[in-house]
Each structure stands twice: as C-alpha cells, then as structure tokens.
Amino acid sequence: MKRVIFVLMMMAGMAAEAAVPQCWDFGAEQVVGMQNMLTAKEINSWFPAYPSGTMSAALLSFTASDSVNLRYYTHGAHNHRLRTTNPILTHTDEKSVRDSAGTIYHGMIYANSNSDPDIYIEQYFNIGDTIEYVLSSNNGPEHYRFYLSDSSYYATCFYPGKQGKTTCAHYRFICPKNGHYRLSGVDEKLIVARIIRYPLDRQLSKRELSDLKRQARHPLKKQTLKVRNADYPDTCKLGEVAYKDTIWVGGERPDHVVRINDALNMIRHMRRDKGQTVVVKIEPGNYEEMLRIDVDDVTLSNAARFPSIRVMNGGVDIAPQAVRITGYYGYGYNYFSMNSRQQYDPRTLRANRKHKAPSTLNKGGSDSNYWNAVVIVSGRNFRAENIIFENSFNQYISLKESGDSVIPQTTQAIRPKSVGSTEVQQKRYRERAAAIAFIDSANAVLQDCRVISRQDALYGGDDVHLRVNGGVIAGSVDYIFGGMTMVCDKTDLVLLVSSEHNDRAYITASRSPQSHRGMLFYRCHVRGAIPGVEMAETVPAHAGYFGRPWSRSGETVFYETRVDTLDDGTPLIMPVGWSDGLTGVGAPRSYEYHTTNGNSDNADTSRRAEWSTILSMPVLPDGTIIDPEIWR
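Residues numbered from 1 in each chain as written. Predicted model: local features only at pLDDT ≥ 70, side-chain atom pairs only at ≥ 80, totals over all residues. Heavy atoms only, no water.

## Details of the overall build of the chain
Then, number 1: Tallying secondary structure elements over the chain gives six helices and 48 strands in all.
Then, number 2: For 632 residues, the compact-globule formula gives about 26 Å, and the C-alpha radius of gyration of the chain, at 28 Å, lands near that figure.
Then, number 3: Projected onto the principal axes, the alpha-carbon positions of the chain cover approximately 95 × 45 × 45 Å.
Then, number 4: Classification of the 632 residues of the chain by burial places 59% in the buried group.
Then, number 5: The contacts in the chain between residues at least 6 apart in sequence include a share of 70% that link residues at least 24 apart.
Then, number 6: Accessible surface computed for the chain: about 25,800 Å², of which carbon and sulfur atoms make up 49%. (Helix = DSSP H or I, 4+ residues; strand = E, 2+ residues; numbered from the N terminus. Rg over C-alpha atoms; globule rule 2.2 N^0.38 Å. Buried < 20%, exposed > 50% of the residue type's maximum accessible area, 1.4 Å probe, protein only. Contact = heavy atoms within 4.5 Å. Areas by Shrake-Rupley, 256 points an atom, 1.4 Å probe, with all protein chains shown as cover.)

## Notes on the sheet that holds strand β17 (residues 246-249)
Then, number 1: Judged by pairing direction, the sheet is parallel, and its 11 strands sit side by side in the order β17-β19-β22-β28-β32-β35-β38-β41-β44-β46-β48 without closing on themselves. Each end of this open sheet is capped by a strand with a single partner; those strands are β17 and β48 (613-615). Sheet twist, expressed as the average angle between the axes of neighbouring strands with direction ignored, equals 15 degrees.
Then, number 2: Note that β17 and strand β19 (residues 278-282) share four bridges and pair parallel. (Pairing = 2+ DSSP bridges. Axes fitted to C-alpha atoms, helices over the stretch in contact; angles between N-to-C directions.)

## Here's the deal with the sheet that holds strand β21 (residues 291-293)
Then, number 1: Taken in spatial order, the seven strands of this open sheet run β21-β27-β31-β34-β37-β40-β43, and their pairing is parallel. For this open sheet the edge positions go to β21 and β43 (545-547), each flanked by a neighbour on one side alone. On average, each strand axis in the sheet is tilted by 20 degrees relative to the strand beside it, whichever way the strands run.
Then, number 2: In this structure, strand β37 (residues 477-482) lies alongside strand β40 (residues 506-510), joined through four bridges in parallel fashion. Considered in β40, the bridge of G482 is made with S510.

## What to know about the side chain of E555
Then, number 1: Within the secondary structure layout, E555 lies in the loop between β43 and β44 (556-559).
Then, number 2: Relative accessible area serves as the criterion here: at 0%, E555 is assigned to the buried category.
Then, number 3: Of the polar contacts made by the side chain of E555, one reaches the side chain of R517; its length is 2.7 Å.
Then, number 4: Apart from residues no more than four positions distant in its own chain, E555 is found in contact with S510, S512, H516, R517, G518, M519, R589, Y591, L620 and W631. (Polar contact = N/O pair within 3.5 Å; in protein donor to acceptor, adjacent residues only side chain to side chain.)

## Considering the nonpolar core
Then, number 1: L300, F389, L446, L466 and I480 are the most contacted members of the largest nonpolar core, which totals 65 residues.
Then, number 2: Here this core takes five residues from helix α4 (residues 260-268), the largest share from any one element.
Then, number 3: Residue contacts for L300: discarding those within four places in its chain leaves I260, V280, I282, L291, I293, I325, F382, R383, A384, E385 and I387. (Core = buried A, V, L, I, M, F, W, Y, C linked by side-chain atoms within 4.5 Å.)

## Notes on the pattern of salt bridges
Then, number 1: On inspection of all chains with the given rule, the structure shows 32 salt bridges.
Then, number 2: E390 is the partner of R324 in a salt bridge, and the nearest nitrogen-oxygen pair spans 3.3 Å. Note that R324 is positioned in strand β25 (residues 323-327) and E390 in strand β29 (residues 388-391), a separation of 66 residues in sequence. Considered together, R324 and E390 belong to a single accessibility category, that of buried residues.
Then, number 3: Three or more residues are tied together by salt bridges with common partners; here these are R450, D492, R527 and E534. (Salt bridge = Lys/Arg side-chain N within 4 Å of Asp/Glu carboxyl O.)

## Digging into helix α5 (residues 346-355)
Then, number 1: Considered for burial, the residues of α5 that qualify are P346, T348, L349, R350 and N352.
Then, number 2: On its buried face, α5 is in contact with β12 (154-159) and α3 (206-215).

## A few points about unusual backbone geometry
Then, number 1: In the Ramachandran plot, D448 falls in the positive-phi region, its phi being about 55 degrees despite a non-glycine side chain.
Then, number 2: Tracing the sequence through the fold places D448 in the loop between β32 (444-447) and β33 (450-452).

## Digging into α3
Then, number 1: Those residues of α3 not exposed but buried are L209, D211 and L212. In a view along the axis of α3, the buried residues occupy a sector of 160 degrees, so they form one face of it. (Arc of directions from axis to C-beta.)

## Regarding the packing of aromatic side chains
Then, number 1: Scanning the entire structure with this criterion turns up 28 aromatic pairs.
Then, number 2: Taking 5.2 Å as the distance between ring centres and 90 degrees as the angle between the ring planes, the aromatic pair formed by Y328 and Y329 counts as edge-to-face.
Then, number 3: By relative accessible area, which is 4% here, Y328 ends up buried.
Then, number 4: Classification of Y329 as buried rests on a relative accessible area of 2%.
Then, number 5: For the pair F481 and W550, a centre-to-centre distance of 5.9 Å together with 45 degrees between the ring planes defines the contact as tilted. (Phe/Tyr/Trp six-rings, centres within 6.5 Å; stacked < 30°, edge-to-face > 60°.)

## Some remarks on the environment of K427
Then, number 1: Within the element layout of this structure, K427 appears in the loop between β30 (406-408) and β31 (436-438).
Then, number 2: Judged by relative accessible area, K427 falls into the partly exposed class, the value being 30%.
Then, number 3: Spatially, the C-alpha atoms of K427 and V295 are 37 Å apart, while their sequence positions differ by 132 residues.
Then, number 4: Those residues in contact with K427, other than ones at most four positions away along the chain, are S498, E500, N502 and D503.

## Describing the state of the cysteines
Then, number 1: Enumeration according to the criterion identifies zero disulfides in this entry.
Then, number 2: Lacking any disulfide linkage, C488 is separated from the closest cysteine sulfur, that of C524, by 5.2 Å.
Then, number 3: Taking relative accessible area as the criterion, C488 reaches 0% and is therefore assigned buried. (Disulfide = S-S within 2.5 Å.)

## Overview of the environment of I260
Then, number 1: Positionally, I260 belongs in helix α4.
Then, number 2: Judged by its relative accessible area of 0%, I260 is buried.
Then, number 3: C-alpha separation for the pair I260 and W248, spaced 12 residues apart in sequence, amounts to 8.9 Å.
Then, number 4: Apart from the residues within four sequence positions on either side, I260 is in contact with V249, I282, Y287, E289, L291, L300 and I325.

## So, the environment of T605
Then, number 1: Here T605 lies in the loop between β47 (596-597) and β48.
Then, number 2: Counting along the chain gives 285 residues from T605 to P320, while the straight-line C-alpha distance between them is 42 Å.

## Some thoughts on the pairing of β40
Then, number 1: When you tally the buried positions in β40, you get five out of five residues, the bulk of the element.
Then, number 2: As paired elements, β40 and β43 share two bridges and run parallel to each other. Bridge pairing in β43 places Y506 opposite Y545.

Given below as structure tokens:
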C-alpha cells in the first residue's frame with residue numbers, strides 16, 4: 001500500500017505540471033485544449049491496403065503508432081468499419097452521431113459483430129486516470145464493459161439506445177491501478193466516437209485511495225448483473241455547445257432532454273455572452289434529481305399552460321400541472337447511493353451493495369452539502385417559476401429511497417421502506433434535510449414556488465440576496481435559515497408539524513451579520529398545513545414561533561403579517577412570538593410591525609419576548625424604511 005501511495009504522489013506532482021487531457025477522436029477532430037492523439041495520417045495508416053480517403057474500406061485489427069497508445073482487436077472479423085463524414089479519412093461509409101447537447105461526432109469505430117467480448121479497444125492508463133467514452137449502439141440498448149486485460153477489474157455502463165436525434169452519450173470511469181484497459185460491448189455492437197483521458201492532477205485523499213484500492217478488487221468473473229448506469233448525476237464533459245435561450249425537459253418530443261441535469265450540463269458548455277439567460281422549460285412531473293446550479297443566468301420554469309404548485313394526498317402526490325424537484329437525503333443517515341460528492345449515484349449504490357457498506361460518510365452540514373440540500377444554487381441571477389422544491393425525507397418514502405440502503409449514524413429511527421409511507425412525518429423521524437440552498441447567489445428569485453421540508457428547508461448564505469414572490473414555504477423547525485438578505489413578499493408560511501403536543505414550528509433562524517440586512521417578511525400569511533392534503537395528519541397545526549435567531553446579530557422583520565387562528569381562536573403564533581433557544585439571549589434585531597390574528601385588526605403583542613421589538617411605524621430603529629424594493 002505504501003508503494004502505491006508513493007507512486008500516486010509522484011504521479012500527482014508530475015501531472016500538476018502538465019495535466020493536459022488526451023483525446024482520441026475517430027473523426028480526426030482536433031479538440032482545442034487537449035492533446036489530440038489521432039490525426040488523419042494516423043487513422044489512414046490503419047488501412048495499409050487502401051489509398052488515403054478511400055471509401056468502402058474494411059477496418060481490421062490494428063495497433064496504432066507507439067505514441068498513440070491505442071489497439072483495436074476484431075477477433076478475426078473482416079467486416080468492421082470506420083464510419084465518418086470526414087472525406088479525407090479512409091473509411092467504410094459516411095455516418096456521424098449526436099449527443100443530447102446537439103454536439104456532432106464525425107467519426108466512430110463500428111464493430112459489426114454483436115455481443116462479442118473478444119472485440120475490444122485497448123489502451124494503457126495509470127491509477128487515478130479518468131477515462132471518458134462517447135458511446136453509441138446500433139439503435140438499441142447496449143451495456144459496455146470497461147476492464148483490465150488480466151480480468152482483475154471491471155466496471156459497466158448502460159447506453160439506452162437512440163432517443164430521437166440523440167444517438168450517443170458520455171460515460172466516465174476511474175482507473176483503480178496501472179494497466180492495460182479494454183472496452184467491449186456486452187450485448188450489442190461496440191461503437192466508440194471519442195475517448196478522452198483526464199490524467200490525475202492532484203494527490204488523492206486517503207479515502208479516495210481506499211476507494212480505488214477496493215474498486216480494484218472486482219474480478220471479471222464475478223459479474224452477474226447488467227445494470228443501467230446512465231441515471232444521474234451527469235458527469236460527462238461535453239464539447240462547446242451553441243447558445244440556446246430555451247431548453248426543454250421532459251415530455252415525448254425528440255428535441256427534449258430527459259433530465260434537468262442534462263439541461264444544466266448543456267448550459268455549462270454553452271457559448272454565451274454575460275447576461276444571456278437560458279430558460280429551462282420543464283414539463284409537468286416528478287423529477288427525483290439532485291441539482292447543482294453552478295452557472296449564472298439560469299431560469300427553471302414550469303412549462304404547463306396553467307402551472308400549479310399544489311400537493312395532494314398528505315403531501316405524497318402533486319397536481320397534474322405541477323413540477324416537483326425532490327430528493328430524500330437527511331442528516332444523521334448514511335446512504336449506499338451517496339458518492340464522494342455527497343450526491344446520489346446508482347453506480348455507487350451498486351458497488352456498495354456488493355460490499356454491504358456505504359463508502360461515503362454523510363457529512364450533512366454547511367461545509368459539504370448544506371444539510372443534504374436537493375438543489376444547491378451558487379450561480380448568479382438564478383430564477384425559478386412555479387416549481388416545487390422538496391426534500392421528501394420527512395414527507396414520505398420515495399421510490400428511489402425504497403431501493404436504497406439507509407443506515408442511521410447513531411440513534412436515529414430506522415426508516416420505513418414502503419413507497420409512499422408517510423410514517424416519516426412523525427416527530428421522531430425529524431432531522432435536518434434541506435430542499436434548496438443558496439450558497440453564493442446574487443439576485444436569486446423564487447416566483448410562485450413551493451419549498452417543502454420539515455427542519456431546515458431553505459438555506460441562504462451570508463452573501464446571498466434572495467427574493468421570494470408569492471408561493472409557499474412549508475416546514476417546522478428553523479425552516480428558513482441562514483445569514484442571507486431575503487425578501488418574502490406575500491408568501492404563505494406554512495407550519496408543517498405533527499399532532500404531538502410538543503411539536504412546534506419555528507419559521508426562521510437568522511444569523512445575518514450586523515453589517516447587512518437580514519430577512520424581511522412583507523405582508524406574508526402564517527397558516528397551518530391543510531390536513532390530509534399538505535400533510536397526512538388530520539388535525540390542524542399547533543401554534544409556533546416567528547423564529548429562534550441563530551446568532552445575536554441575526555435580523556428578522558415581520559411586516560403586516562396575517563396569522564391564522566385555530567377553531568378556538570388561538571393564534572398560530574405563540575404569545576411570546578420568539579424563542580431564544582439557539583442563542584440563549586435572543587437577538588435584538590427581531591422586529592414586528594402590525595401583525596393581525598385571524599379577522600382581527602391587531603394581534604395582542606403584549607407578551608412578546610422582551611428582546612424583540614414591536615414597531616409603531618414601518619421604520620427600523622436605524623432609520624431604514626421597511627420597503628421590499630430597497631431592502632439591501
């Protein structure tokens with residue numbers, strides 16, 4: 001093991017000087033920023049019996065020039081092809097393939113023999129190298145096998161076949177040790193358009209070294225299951241993509257991508273000027289995806305003609321015209337499906353099932369995944385319209401969670417396995433599980449959206465400026481939290497609690513620095529979740545609190561808030577209004593102006609926490625006018 005680490009460290013040092021990706025493109029395209037290993041001259045040399053550029057030439061087994069690091073073996077067949085639209089190449093016929101981003105690959109090796117593992121491409125790679133393949137098939141589904149030539153290691157991926165204009169896809173593998181690696185088709189024809197090698201360019205952590213060592217113990221003879229490997233998250237590296245102002249997700253049209261992650265990956269590789277916005281139009285449906293919105297000027301929009309953000313059946317289902325983005329990770333549990341990026345990955349799930357243990361510790365905090373947020377926004381000028389952002393952790397058991405192995409880290413409750421179970425809405429399952437987190441996003445907007453979780457639903461970092469117009473934010477404990485500057489304008493603030501007598505809601509937990517503004521709730525509506533519709537409980541919510549400040553400097557302002565009452569006239573905000581449970585001393589920048597309870601003109605605020613302030617005028621003590629348009 002010491003020798004492996006030493007070699008890896010030496011490699012990391014050398015790669016840091018010249019870690020240029022290598023590219024083998026079978027149309028002889030010279031990709032900018034990469035060391036291009038294939039030229040027209042090299043490819044034509046594989047056809048010694050034909051003049052360069054000849055058509056209808058058969059592709060036989062070959063070993064490329066020494067510096068090219070490429071061998072192709074046909075297992076004696078004489079009917080294999082190089083298909084390309086590059087006229088200067090010797091080839092069999094003229095074909096190209098296109099990926100979901102619209103990028104066209106102008107050449108491919110096409111093994112004209114089905115399901116023959118002895119037909120392969122072979123190359124030498126080093127430990128830690130990331131290898132990307134652009135793969136296709138003869139229209140139908142195809143499993144590919146990536147393995148060491150001595151059969152001491154293998155991995156698989158699944159290509160679903162032609163989908164509209166999309167005829168190829170990107171897949172990546174990491175090499176667990178030095179050696180000759182092969183790629184072959186398991187149940188279809190081997191078709192490869194491009195290969196990219198990303199050399200190791202850093203020293204790996206002990207965890208990564210351990211993962212690679214374990215990964216290297218998958219002998220080929222143990223392969224018993226063919227699995228779909230193209231689910232998500234998408235890690236492919238695309239070429240440059242032309243700017244489009246709109247990308248469609250979902251539905252049946254061939255120009256629509258399947259997943260929101262596919263659209264985001266296209267946007268990451270777009271040629272666009274600063275300020276050019278891309279609108280991702282999402283067809284109604286349930287999207288169980290974890291998103292990382294790390295590009296600027298992106299809008300997610302419900303594509304329905306009459307969009308809805310309604311939930312139904314105790315919060316389990318959504319209206320037919322709704323778009324829900326959801327995930328199920330929560331603090332205090334480890335997941336077989338969680339990869340090193342703290343995200344869901346079916347390949348990780350499959351590998352961990354074999355070893356009967358999770359490979360990644362769920363950190364759960366703000367240093368890694370922001371309380372297991374389903375959506376993490378770091379790009380500037382993000383906007384969402386009529387979208388439901390949900391973490392189902394304390395709502396119901398989703399289909400994906402039912403197929404995962406979820407392990408409590410300490411004394412947390414064992415989670416049920418039945419799809420649709422709302423047992424997790426009980427207080428004993430309560431834990432931190434964010435729906436959406438804004439970590440570095442200026443001028444973000446949620447327009448008529450719904451955010452759903454229980455504890456810690458919506459997070460905003462200290463440098464975040466967020467505007468919430470209308471819509472719903474539903475939760476229980478500190479469910480709007482962080483140091484952000486935020487305006488909620490005419491938003492429903494829903495208390496999503498169980499019927500247990502000590503289950504109370506705390507709407508906010510502000511920790512904004514003294515140097516800038518915190519949270520402003522402008523003419524918002526505090527109400528209970530609708531029994532049987534928004535929650536499984538059949539009784540109304542208990543009264544809760546405006547918040548419990550996260551720091552002494554945290555600022556929270558409730559302006560002209562309408563607070564619902566229970567049937568007996570009890571307001572849904574406790575008489576004390578605020579809790580000092582996080583600081584022990586409260587926070588003096590906790591303000592309230594003209595609150596109303598039910599149909600009354602004014603709420604009784606005489607028993608509010610002594611460290612909070614009841615304003616008689618819509619002006620803060622420092623002279624700031626309470627106006628959402630100037631709240632900065």
